[in-house]
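# Residue-level structural notes
Here is what each chain is made of, one letter per residue.
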Amino acid sequence: MSTENLSQSPEQPPRKPRVAVVFGGRSSEHGISVVTAGAVLRAIDRTKYDVLPIGITRDGRWALTADEPERMAITDRRTPSVEELAESNEGGVILPVDPANREVVYSEPGSVPKALGEVDVVFPVLHGPYGEDGTLQGLLELSGVPYVGAGVLASAVGQDKEYMKRVFTSFGLKVGPYVVIRPREWERDESAARKKIIDFAGEHGWPLFVKPARAGSSIGITKVDDLAGLDEAIAEAQRHDPKVIVEALLRGREIECGVLEFEDGPRASVPAEIPPAQSHAYYDFEAKYIDSTPGIVPAPLTPEETAEVQRLAVEAFEATSCEGLVRADFFLTEDGEFVINEINTMPGFTPISMYPQMWQASGIAYPELVDRLVEAALRRSTGLR
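Each chain has its residues counted from 1, running along the sequence as written. Predicted model: local features are reported for residues with pLDDT of at least 70 only, side-chain atom pairs are reported and counted for 80 or more only, and whole-chain, interface and lining totals are derived from all residues. Neither water nor hydrogens contribute to the side-chain values; these are computed over all heavy atoms in the structure.

### Digging into the pattern of salt bridges
Put simply, the test is: Salt bridge, as used here: a side-chain nitrogen of Lys or Arg that lies within 4 Å of a carboxyl oxygen of Asp or Glu. Only runs of H or I of at least four residues qualify as helices and only runs of E of at least two qualify as strands under DSSP, and these elements are numbered from the N terminus. Exposed residues in this analysis have more than 50% of their type's maximum accessible area, buried residues have under 20%, and partly exposed residues fall in between, with area computed by a 1.4 Å probe over protein chains only.
Using the criterion set out here, one finds 35 salt bridges in the structure. The partner of Asp 199 in a salt bridge is Lys 195, with the nearest N and O atoms 2.8 Å apart. Separated by four residues within a single helix, Asp 199 and Lys 195 lie in helix H7 (residues 190-204), roughly one turn from each other. Residue classification places Asp 199 among the partly exposed positions, given a relative accessible area of 43%. The partner of Asp 329 in a salt bridge is Arg 327, and the shortest N-O contact between them spans 2.8 Å. In this structure Arg 327 comes out as buried when scored by relative accessible area, which is 10%.

Right, here's the structure in full:
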């Protein structure tokens, strides 16, 4: 669908496409999603698009929120929430489930439902489960509403670190050593599951990184230096996801690269390097978002290294059938080999986040980046493609 196809009458000028910016959500990345939404709302071209902000509360209610991006910022080291922005504590936004009807309705108890107009495209800036993992994308496919970013399969694969690595391996991309503990394994025999990790440490050495398998923003991750810290790290990961992935330490430089969908296909940005965080054990949530540890853009790589990581980033995008955008994260090991760590199908998207910074250095400023993503979504149909 393109902007020229929007319905109009002879008496009225063509209406602007309406973009629903959906944010918040039920995951532990709720607050960062709200911050991202504030950045998108500030940047989106209001002369070109009508904008409808929709927040999802932590308990899953779809709320009509104030269009006030200045309230969607980190203040006093605290992230904002949809609950603070919702126009009502009870009202809910209802998306259509009929592909022939894209009208969004707002309903409050005891009141007549109010039509909010048709939505032409959804910009889902949710991070983590119940938003970035294919669940919201499936709902939008059923509703027949185009949306920014990866489809159902790519979103699900991009959220699950185990299956992401399996897909990468099947396409010839190199990944680091890892082991997975599924919920049933832990429930069936905790001792055997723990021994599986200890045996992995015996083969690959300490430290290890214990992570929720389906979370992002470095939430729930623990760097474990020895056996004494293992149980606490597993418990912390399981607070966010019953499925746990344990990764060996890869010694090398952290290199990131953005991929963006253009009319002629995906292209890679200049890469960035994440230097070791001086006040943090690794590049964790606080280093990323609270203390804003700066990355180096562009990364100090040779022309050959830059070309190689760009090639691999696009290859990861294609391997997982992604659309719209991806940030691909690599380690450049001491022997000069790029090992892919993960992709993010909806990466951190504030102006200080690495994905927009890499595209800024590649010649695409933040407002243009937002516009390109919306236009790419409007060009696509829902359904099999």
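### A few points about the sheet that holds strand E10 (residues 222-224)
Let me state the cut-off plainly: Being paired, for any two strands, means DSSP has found at least two bridges between them. Axis definition: a line fitted to C-alpha atoms, over the contacting stretch in the case of helices. Angles run 0 to 180 degrees between N-to-C directions.
On the basis of which strands lie adjacent, the open sheet formed by four strands has the order E8-E11-E9-E10 and antiparallel pairing. Strands at the two margins of the open sheet, each flanked by one partner only, are strand E8 (178-181) and E10. On average, each strand axis in the sheet is inclined to that of its neighbour by 25°, with strand direction left out of account. Pairing between strand E9 (residues 208-212) and strand E11 (residues 244-248): five bridges, direction antiparallel.

### A few points about a nonpolar patch on the surface
The cut-off we apply is this: For patches, a residue must show more than 30% relative accessible area and have no salt bridge; joins then use 9 Å for like charges and 5 Å for nonpolar side chains, namely Val, Leu, Ile, Met, Phe, Trp and Tyr. All accessibility values rest on the Shrake-Rupley procedure with a 1.4 Å probe; residue burial counts only the protein chains present in the view.
Together, Ile 198, Trp 206 and Leu 227 make up a nonpolar patch on the protein surface, roughly 250 Å² of accessible area in all. Relative to the helices and strands, Trp 206 is located in the loop between H7 and E9. Trp 206 gets classed as partly exposed once you look at its relative accessible area, which sits at 31%.

### Re the environment of Ala 235
Among the secondary structure elements, Ala 235 is positioned in helix H8 (residues 230-238). With 31 residues separating them along the chain, Ala 235 and His 204 place their C-alpha atoms 22 Å apart.

### Concerning the pairing of strand E5 (residues 103-107)
Side-chain alternation along E5 places Val 104 and Tyr 106 on a buried face and Glu 103, Val 105 and Ser 107 on a face that remains uncovered. Hairpin connection from E5 to strand E6 (residues 114-118): six residues lie between these consecutive antiparallel strands, with Gly 110 at a positive phi of about 80°.

### Remarks on the pairing of strand E1 (residues 18-24)
Sheet faces and side chains relate simply in a regular strand, where the side chains alternate between the two faces. Put simply, the rule is: By definition, the crossover connecting two strands over a helix is right-handed if that path, from the first strand to the second, turns clockwise as seen with the strands pointing away from the viewer.
For E1, a buried count of seven out of seven residues is recorded, marking the element as mostly surrounded by other parts of the structure. Where E1 meets strand E2 (residues 50-56), seven bridges bridge the pair, whose relative direction is parallel. Note on E2: the bridge partner recorded for Val 22 is Ile 54. Handedness of the crossover joining E1 and E2 through helix H1 (residues 30-43) is recorded here as right-handed. Judged from the four bridges that link them, E1 and strand E7 (residues 121-124) form a sheet pairing that is parallel. Bridging across to E7, Ala 20 finds its partner in Val 122.

### Considering the sheet that holds E2
Definition in use: When checking whether two residues touch, look at their non-hydrogen atoms; a contact exists if any pair is within 4.5 Å.
Reading across the sheet, the four strands line up as E3-E2-E1-E7 and stay open at both edges, with mixed pairing between neighbours. Lying at the two open borders of the sheet, with one neighbouring strand each, are strand E3 (62-64) and E7. Each strand of the sheet is rotated relative to its neighbour by a mean of 30°, with strand direction disregarded. The sheet strands contacting H1 are E1, E2 and E7, and the helix crosses E1 at an angle near 155°.

### Thoughts on the layout of surface pockets
The test is simple: Definitions used for this entry: grid spacing 1 Å over protein atoms alone; cavity, a set of points where a 1.4 Å probe fits but cannot get out; pocket, an open set with protein on both sides within 12 Å along at least 5 of 7 lines; lining residue, one with an atom within 4 Å of a point. Grid points are joined across faces, edges and corners, and a volume is the space filled by probe spheres set on the points. Classification used: nonpolar for Ala, Val, Leu, Ile, Met, Phe, Trp, Tyr, Cys and Pro, charged for Asp, Glu, Lys and Arg, polar for all others including Gly.
Each pocket or cavity is described by its volume, and for the second largest pocket that value is around 220 Å³. Taken together, Glu 141, Tyr 147, Gly 151, Val 152, Leu 153, Ala 154, Ser 321, Glu 323, Gly 383, Leu 384 and Arg 385 form the lining of the second largest pocket. Looking at the lining of the second largest pocket element by element, the count peaks at three residues for helix H4 (residues 152-159). Along the lines of polarity and charge, the residues of the lining of the second largest pocket split into five nonpolar, three polar and three charged.

### Concerning the packing of aromatic side chains
Rule in force here: Only centres within 6.5 Å qualify two rings of Phe, Tyr or Trp (six-membered ring in Trp) as a pair; their planes then separate them into stacked at under 30 degrees, edge-to-face at over 60, and tilted for everything else.
Counted according to the given criterion, the structure contains five aromatic pairs. When the centroid spacing of 6.0 Å and the interplanar angle of 50° are considered together, the rings of Phe 262 and Trp 359 count as tilted. Here Trp 359 lies in helix H11 (residues 354-361) and Phe 262 lies in strand E12 (residues 252-262), a separation of 97 residues in the sequence. Classification of Phe 262 by relative accessible area gives buried; the value is 7%. According to the relative accessible area criterion, Trp 359 is buried, its value standing at 3%. Taken together, a centroid distance of 5.3 Å and an interplanar angle of 50° make the contact between Phe 349 and Tyr 366 tilted.

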